[in-house]
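Here is how the chains run, residue by residue.
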Amino acid sequence: MFNSKIIQKDFPILQNMLNGKRLVYLDNASTTQKPQVVIDAISGYYSTLNSNIHRGVHTLSERATDAYENTRTKVAQFIHAEESSEIIFTRGATEAINLVASSWGETNVNEGDVIIVTALEHHSNLVPWQQLVKRKKAELRIIPITDDGFLDLNNLDTLLSGSVKLLAITQMSNVLGVQTPIKLLVQKAQEIGAKVLVDAAQGMAHLGLNVKELNIDFAAFSSHKMFGPTGVGVLWARKDILEAMPPYQFGGDMVKEVFPFEATWNDVPWKFEAGTPNISGVVAFGAAIEYLESFSFADIQEHDQKLYAYARTQLREFPKLKLLGPEDPAKAGGAVSFVVDGVHPHDIGSILNDSGVAVRTGHHCAQPLMQRLQVQATVRASFSIYNDEDDVDALIGALKNVYEIFKI
Ligand code: PLP
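Residues numbered from 1 in each chain as written. Predicted model: local features only at pLDDT ≥ 70, side-chain atom pairs only at ≥ 80, totals over all residues. Heavy atoms only, no water.

1. Examining the pairing of strand β4 (residues 87-90)
Part 1: Side chains Ile87 and Phe89 project from β4 onto one buried face, and the interleaved Ile88 and Thr90 project onto a second face that is buried too.
Part 2: Pairing analysis gives four bridges linking β4 to strand β10 (residues 233-237), with the strands arranged antiparallel. Bridging from a neighbouring strand, threonine 90 pairs with glycine 233 of β10. (Buried < 20%, exposed > 50% of the residue type's maximum accessible area, 1.4 Å probe, protein only. Helix = DSSP H or I, 4+ residues; strand = E, 2+ residues; numbered from the N terminus. Pairing = 2+ DSSP bridges.)

The following block contains the structure:
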């Protein structure tokens with residue numbers, strides 16, 4: 001098991017004070033902080049490598065290309081992809097999902113077809129499918145959840161009837177920390193010839209993702225939620241699927257030959273990477289993956305569950321506070337959401353902020369989930385490897401101020 005106090009030293013921002021207090025960063029589901037190795041990789045790239053990739057014969061361009069393509073190989077190994085050419089760099093998980101909805105969706109989804117999502121989805125894995133089914137006169141179905149946030153699979157067979165083309169499911173809820181039963185859903189999808197896309201944006205830094213073992217078809221995730229820079233994400237898909245998909249954007253690098261009125265496409269993965277990408281970000285993402293690989297996911301999960309249980313036990317002591325999500329820490333982790341009767345989450349968030357505690361308040365880009373849970377918004381404390389019980393204690397101490405101010 002790792003020691004979070006030692007890990008904190010890897011993250012320069014955590015040495016800072018916020019509002020005169022020690023910074024307690026509990027907004028990791030939004031974005032994680034960056035370790036020094038990642039910050040160094042960005043500045044190292046600009047100090048020693050900066051050049052455009054894939055285009056030059058000069059040494060710098062070759063080195064920058066190698067560094068960029070090295071990250072592709074690292075990502076492929078990290079998620080157990082068959083080949084590095086199955087890794088497409090995007091701006092983030094959102095763009096990766098939009099790429100699938102636009103490219104694969106345009107060619108594979110037709111009138112009357114069905115796309116299935118869950119009631120847990122982030123807007124990024126919902127709105128692109130809403131738009132696709134509208135364009136195609138197809139149908140969107142939603143796997144409901146139980147009151148504590150688990151997928152309710154009682155009517156799954158009914159939901160899976162008809163011409164189902166895709167199940168697009170989150171690996172882990174960004175609001176409740178709940179994990180979804182991907183293996184079971186893949187098995188059901190395969191029985192009816194449907195494909196499975198996993199939105200791993202939230203789960204990746206907590207659970208990892210083994211695309212081979214899960215036998216899924218697409219995965220989308222973001223570097224910035226796994227200690228890497230913003231502006232970099234990944235779409236992984238099986239090579240045969242990528243080869244059959246039309247390009248998503250057009251321009252430099254994604255073409256093989258261009259004539260005045262025609263063009264031919266580059267090979268996968270470059271066919272999907274039009275224009276100059278975020279080279280420094282991708283290079284530094286490689287450093288983030290190496291950093292994450294220095295931990296075991298079993299240890300990370302144990303740590304997440306310990307903090308989840310510790311936070312919930314303390315929060316339960318507050319009157320008028322309602323905890324959302326499951327009790328059992330073994331089925332969740334990473335994020336604890338709650339509401340306090342009569343106090344808006346934003347007020348709670350800003351009072352916590354005065355004590356140096358950074359949490360997220362609002363709908364967390366999951367408005368349909370808020371509607372299902374019958375809340376407008378929640379306060380969400382989300383954990384990473386550098387958080388420990390002291391951070392939870394700071395949250396609890398700051399929450400007591402809320403109760404004093406609001407005289408609860
Ligand atoms: N999916 C989930 C579950 C998320 O939590 C997020 C971000 O919060 C996204 C998708 C979108 O990620 P990004 O904004 O990096 O594209």
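Picking up after the structure, the text goes on.
2. Quick look at the sheet that holds strand β14 (residues 335-340)
Part 1: Overall, antiparallel pairing links the four strands, which are arranged β13-β14-β17-β16 in an open sheet. Edge positions in the sheet fall to β13 (321-323) and β16 (360-362), since each has one partner strand and no second. On average, each strand axis in the sheet is tilted by 30 degrees relative to the strand beside it, whichever way the strands run.
Part 2: Where β16 meets strand β17 (residues 378-382), three bridges bridge the pair, whose relative direction is antiparallel. Looking at β17, one finds that glycine 362 is bridged to threonine 378.
Part 3: Here helix α12 (residues 297-315) sits on the sheet and contacts β13 and β14; the angle it forms with β14, its principal contact strand, is near 15 degrees. (Axes fitted to C-alpha atoms, helices over the stretch in contact; angles between N-to-C directions. Contact = heavy atoms within 4.5 Å.)

3. Quick notes on the packing of helix α4 (residues 93-108) against helix α5 (residues 127-136)
Part 1: Relative to each other, α4 and α5 sit at 20 degrees, their axes nearing to 9 Å. Comparing their axes, α5 and α4 come out roughly parallel. The handedness of the crossing between α4 and α5 is right-handed. Together, Ile97, Asn98, Val100, Ala101, Ser102, Gly105 and Glu106 of α4 and Pro128, Trp129, Leu132, Arg135 and Lys136 of α5 make up the contact between the two elements. (Parallel < 35°, antiparallel > 145°, perpendicular 65-115°, else oblique. Left-handed = near helix turned anticlockwise from the far one by under 90°.)

4. Considerations on the site of the ligand
Part 1: Taken together, 13 residues form the shell around the ligand, and within it Thr94, Asp199, Ser222, His224 and Lys225 come nearest.
Part 2: A distance of 3.2 Å is found between an oxygen atom of the ligand and a side-chain nitrogen or oxygen belonging to histidine 122.
Part 3: A distance of 2.5 Å is found between an oxygen atom of the ligand and a side-chain nitrogen or oxygen belonging to lysine 225.
Part 4: Summarising the interface, the protein chains cover 86% of the accessible area of the ligand, which totals 400 Å² for the free molecule.
Part 5: Looking at the shell around the ligand, its residues break down into two nonpolar, nine polar and two charged. (Near = heavy atom within 4 Å. Polar contact = N/O pair within 3.5 Å; in protein donor to acceptor, adjacent residues only side chain to side chain. Areas by Shrake-Rupley, 256 points an atom, 1.4 Å probe, with all protein chains shown as cover. Nonpolar A, V, L, I, M, F, W, Y, C, P; charged D, E, K, R; others polar.)

5. Focus on the nonpolar core
Part 1: Counting residues in hydrophobic clusters, the biggest one holds 80 residues, and the most contacted among them are Ile216 and Phe285.
Part 2: Per element, the largest residue contribution to this core is ten residues, and it comes from helix α11 (residues 279-293).
Part 3: The contact partners of phenylalanine 285, leaving out residues within four places of it in the chain, are Thr71, Val75, Phe89, Phe221, Ser223, Met226, Pro229, Val232 and Val234. (Core = buried A, V, L, I, M, F, W, Y, C linked by side-chain atoms within 4.5 Å.)

6. Topic: a nonpolar patch on the surface
Part 1: On the surface, Ile405, Phe406 and Ile408 cluster together into a nonpolar patch covering about 260 Å² of accessible area.
Part 2: In this fold, phenylalanine 406 is placed in the segment after α15 (389-405). (Patch = residues over 30% accessible without salt bridge, like charges linked within 9 Å, V, L, I, M, F, W, Y side chains within 5 Å. Salt bridge = Lys/Arg side-chain N within 4 Å of Asp/Glu carboxyl O.)

7. Let's talk about the sheet that holds β10
Part 1: Spatial ordering of the open sheet is given by β4-β10-β9-β8-β7-β5-β6, a layout of seven strands whose pairing is mixed. On the outer flanks of this sheet lie β4 and β6 (139-143), each paired with one strand and no other. Strand-to-strand, the axes of this sheet are offset by a mean angle of 20 degrees, without reference to chain direction.
Part 2: Where strand β9 (residues 218-222) and β10 come together, five bridges link them in antiparallel fashion. Within β10, the residue paired with phenylalanine 221 across the bridge is valine 234.
Part 3: Packed on one face of the sheet, helix α3 (residues 59-78) meets β4, β9 and β10 and runs near 120 degrees to β4.

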